[in-house]
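Report on the structure
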Amino acid sequence: MKNIVILISGRGSNMQSIVNANIPNANIVAVLSNNPDAAGLAWATERGIATAALNHKDFASREAFDQAMMLLIDAYEPDLVVLAGFMRILTPAFCQHYAERCINIHPSLLPSFTGLHTHQRAIDEGCRVAGCTIHFVTEVLDNGAIIAQGVVPILDNDTADDVAARVLAVEHQLLPQAVADFVSGSLKIVGKRVIKRHQADSSAQML
Ligand code: GAR
């Protein structure tokens, strides 16, 4: 059994997709947040999952918040930390501590559109496709080895909300699959690439 801690900042629909997937050998030991009002915390609590929030506004520095969050996370002895809509830039100390055992979902086709407002920026650039990326977390923002990407079209009259909804449906498929692949030991990091040991298990969307 692998212990999994999920970090969220808001709605938590990606966290829900992981919980609802009932991944074999994956024990969701806690859902944590930097936002005490994150809706996803209540959802997890209702399902008997341990939850806690550390409000980043209560800390004097990014370093102090990350140190406190690391202590909280480590109390659950995680094998994997999943950033599922965790809207914080992480310190190098945090990233190094969880090196190769922390993954993030980002709503763009990395390396394009790191950071925020990814769908509007893709529309503004005239992109015909958008998507999401699941990657290992490193000190460089949205830059670690890529585990999976999903692609959707951008249609002529799409708003950022239209694209976000289309991408989110793909996120909900890819993230539980990536967690399952990590838990089963299928992911091997080779430089900036992730090699999947059981390619035959990959879904068609995991390009
Ligand atoms: C998701 O679209 C995720 O890709 C994005 O936040 C959303 C969270 O939704 N993450 C980032 O932007 C990280 N930089 P959710 O709370 O419903 O899972």
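A quick note: this is a predicted structure, and the numbers were derived from the prediction, not measured. (Residues numbered from 1 in each chain as written. Predicted model: local features only at pLDDT ≥ 70, side-chain atom pairs only at ≥ 80, totals over all residues. Heavy atoms only, no water.)

This next bit is on the nonpolar core. In terms of nonpolar packing, the biggest core is built from 42 residues, with Ile4, Ile6, Val82, Ile103, Ile147 and Val179 touching the most fellow members. Broken down by element, this core gets its largest block of residues, nine residues, from helix α6 (residues 160–183). Among all residues touching isoleucine 147, those that are not within four sequence positions of it are Ile103, Ile134, His135, Phe136, Ala178, Leu187, Val194 and Lys196. One finds Ala30, Phe86, Leu90 and Phe94 within the second-largest nonpolar core, a separate group that totals 19 residues. (Core = buried A, V, L, I, M, F, W, Y, C linked by side-chain atoms within 4.5 Å. Buried < 20%, exposed > 50% of the residue type's maximum accessible area, 1.4 Å probe, protein only. Helix = DSSP H or I, 4+ residues; strand = E, 2+ residues; numbered from the N terminus. Contact = heavy atoms within 4.5 Å.)

Counted by the stated rule, this structure contains three aromatic pairs. Between phenylalanine 59 and phenylalanine 65 the ring centres are 5.6 Å apart and the planes differ by 80°, which places this aromatic pair in the edge-to-face class. Ring geometry for phenylalanine 94 against tyrosine 98: centres 4.8 Å apart, planes inclined by 55°, an arrangement best described as tilted. Here phenylalanine 94 falls in the buried class, since its relative accessible area comes to 0%. According to the relative accessible area criterion, tyrosine 98 is buried, its value standing at 0%. Arginine 88 extends its terminal NZ or CZ atom over the ring of phenylalanine 65, reaching a point 4.7 Å from the ring centre. (Phe/Tyr/Trp six-rings, centres within 6.5 Å; stacked < 30°, edge-to-face > 60°. Lys NZ or Arg CZ within 6 Å of the ring centre and 35° of its normal.)

On to the site of the ligand, then. Around the ligand sit Arg11, Gly12, Ser13, Asn14, Gly85, Met87, Ile105, His106, Pro107, Leu168 and Glu171, and those are all the residues in its vicinity. If the ligand stood free it would expose 450 Å²; the protein chains cover 86% of that surface. Assessed atom by atom at 2 Å from the grid points, the ligand resides in the largest pocket. Elements with a minimum of two residues in the shell around the ligand: α1 (13–20), β5 (102–106) and α6. Here the residues of the shell around the ligand sort into four nonpolar, five polar and two charged. (Near = heavy atom within 4 Å. Areas by Shrake-Rupley, 256 points an atom, 1.4 Å probe, with all protein chains shown as cover. 1 Å grid on protein atoms, 1.4 Å probe; cavity = no way out; pocket = protein on both sides within 12 Å on 5 of 7 lines; lining within 4 Å. Sits in = over half its atoms within 2 Å of the grid points. Nonpolar A, V, L, I, M, F, W, Y, C, P; charged D, E, K, R; others polar.)

The residue serine 17 is located in helix α1 in this model. Looking at serine 17, its side chain comes within polar contact range of the main-chain oxygen of asparagine 14, at 2.6 Å. Those residues within four positions of serine 17 in sequence are excluded, and the remaining contacts are His172 and Pro176. (Polar contact = N/O pair within 3.5 Å; in protein donor to acceptor, adjacent residues only side chain to side chain.)

Geometry only, nothing functional implied.
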